[in-house]
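Observations on chain architecture
Here is what each chain is made of, one letter per residue.
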Amino acid sequence: SFQQGPMYAQGFAGELVANLSLDRMLDDYRNQNQMHLVRIDKCKIAERPPLANATVALELVSDFNCTIRLAFEQLSDVHVLADMQSKLESELSCPVTAHVYVSPRDIQALDIHTDPYDVFVIQIEGSKMWKICLPLPQANLTKSTLTHEQEC
């Protein structure tokens, strides 16, 4: 369990993400003919360009404030995060999915939400302000009904 202390978690996380790159992740989608599943959100571009490599993806993020989402449970074959998932599943004794979000520093990759399961976050690069909250008792509230102070 991860209750053994933060140093253990940091070492474990570092080992899991040591060889990750956006190019390798995009290659997994490309090699499995699943590039259409890569989501490009929160930006206004006239036409979705082909994501030939990480440089193109990162230009969308930096030039157009896009968020790129990869949800690896969509891939049927082995992918770059499969080893990480397997190690976490073994350590935690439960199923694990892996999502990758690439977004500009000042843009939220996701809208305010509550996940119905535990989440393990590894930030690989850059800096973000993370706000982690417990679910609100009024589960039917939507973002449009929340004030800034009520977001958590």
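Treat the numbers as computed from the prediction; the structure is a model and nothing was measured.

Thresholds applied
- Sequence order as written defines the numbering, with residues in each chain counted from 1.
- pLDDT decides what is reported in this predicted model: residues at 70 or higher carry local features, side-chain atom pairs at 80 or more are listed and counted, and totals for whole chains, interfaces and linings draw on all residues regardless.
- Excluded from the side-chain calculations are hydrogens and water; all other atoms, namely the structure's heavy atoms, are used.
- Working definition: rings of Phe, Tyr and Trp (its six-membered ring) pair if their centres are within 6.5 Å, and the pair is stacked with planes under 30 degrees apart, edge-to-face with planes over 60 apart, and tilted otherwise.
- The helix and strand labels rest on DSSP assignments: H or I over at least four residues marks a helix, E over at least two residues marks a strand, and numbering proceeds from the N terminus.
- Exposed residues in this analysis have more than 50% of their type's maximum accessible area, buried residues have under 20%, and partly exposed residues fall in between, with area computed by a 1.4 Å probe over protein chains only.
- Only residues whose relative accessible area exceeds 30% and that form no salt bridge enter a patch; like-charged residues are grouped when within 9 Å of one another, and nonpolar side chains (Val, Leu, Ile, Met, Phe, Trp, Tyr) when within 5 Å.
- For every accessible area listed, the method is Shrake-Rupley and the probe measures 1.4 Å; residues are considered covered only by the protein chains on display.
- Definition used for salt bridges: Asp or Glu carboxyl oxygen within 4 Å of a side-chain nitrogen of Lys or Arg.
- Working note: the arc is built from the helix axis to C-beta atom directions.
- The contact criterion used is simple: two residues touch if any of their non-hydrogen atoms lie within 4.5 Å.
- Every angle, taken between N-to-C directions, lies between 0 and 180 degrees, and every axis is a line fitted to C-alpha atoms, over only the stretch in contact when it is a helix.
- Orientation categories follow fixed angle ranges, with anything under 35 degrees roughly parallel, anything over 145 roughly antiparallel, 65 to 115 roughly perpendicular, and all other angles oblique.
- Side-chain classes are defined by residue name, with Ala, Val, Leu, Ile, Met, Phe, Trp, Tyr, Cys and Pro counting as nonpolar, Asp, Glu, Lys and Arg as charged, and the others, Gly among them, as polar.
- Each residue carries a pLDDT score, the predictor's own confidence in it, on a scale running from 0 to 100.

**Section: the packing of aromatic side chains**
Tallied over the entire structure, the rule returns one aromatic pair. Measuring from centroid to centroid gives 5.5 Å for Y29 and F72, while their planes differ by 70 degrees, and the two rings are edge-to-face. Of this pair, Y29 sits in helix α2 (residues 22–31) while F72 is found in the loop between β2 (67–71) and α4 (82–92), placing the two residues 43 residues apart along the sequence. Residue classification places Y29 among the buried residues on the basis of a relative accessible area of 0%. Residue class for F72 comes out buried when judged on its relative accessible area of 1%.

**Some words on a nonpolar patch on the surface**
A contiguous nonpolar patch, built from Y117, V119, V121, W130 and I132 and spanning about 590 Å² of accessible area, is present on the exposed surface. By the secondary structure assignment, I132 is in the segment after β3 (99–102).

**Quick notes on α2**
Regarding α2, the residues found buried are L22, M25, L26, D28 and Y29. Down the axis of α2, the buried set is contained in an arc of 145 degrees. They therefore lie on one face. Contacts from the buried residues of α2 go to α3 (54–64), β2 and β3. Among the residues trailing α2, N33 stands out with phi positive, at a value near 55 degrees.

**Section: the packing of α2 against α3**
Where α2 contacts α3, the axes come no closer than 9 Å and their chain directions differ by 105 degrees. Relative to α3, the element α2 is oriented roughly perpendicular. Across the interface between the two elements, L22, D23 and L26 of α2 pack against A54, A57 and L58 of α3. Here the residues of the contact of α2 with α3 sort into five nonpolar, no polar and one charged.

**Re the confidence of the model for the protein**
Mean pLDDT over the protein: 79, with 77% of residues reaching 70 or higher. Predicted confidence is poor over residues 1–9, with pLDDT under 50, and the contacts of this stretch with residues over four places away or in other chains come to ten contacts.

**Remarks on unusual backbone geometry**
Trans peptide bonds make up most of the peptide bonds, and negative phi angles are found at most residues other than glycine. In this structure, N65 is a non-glycine residue whose phi angle is positive, near 55 degrees. For N65, the position within the fold is in the loop between α3 and β2.

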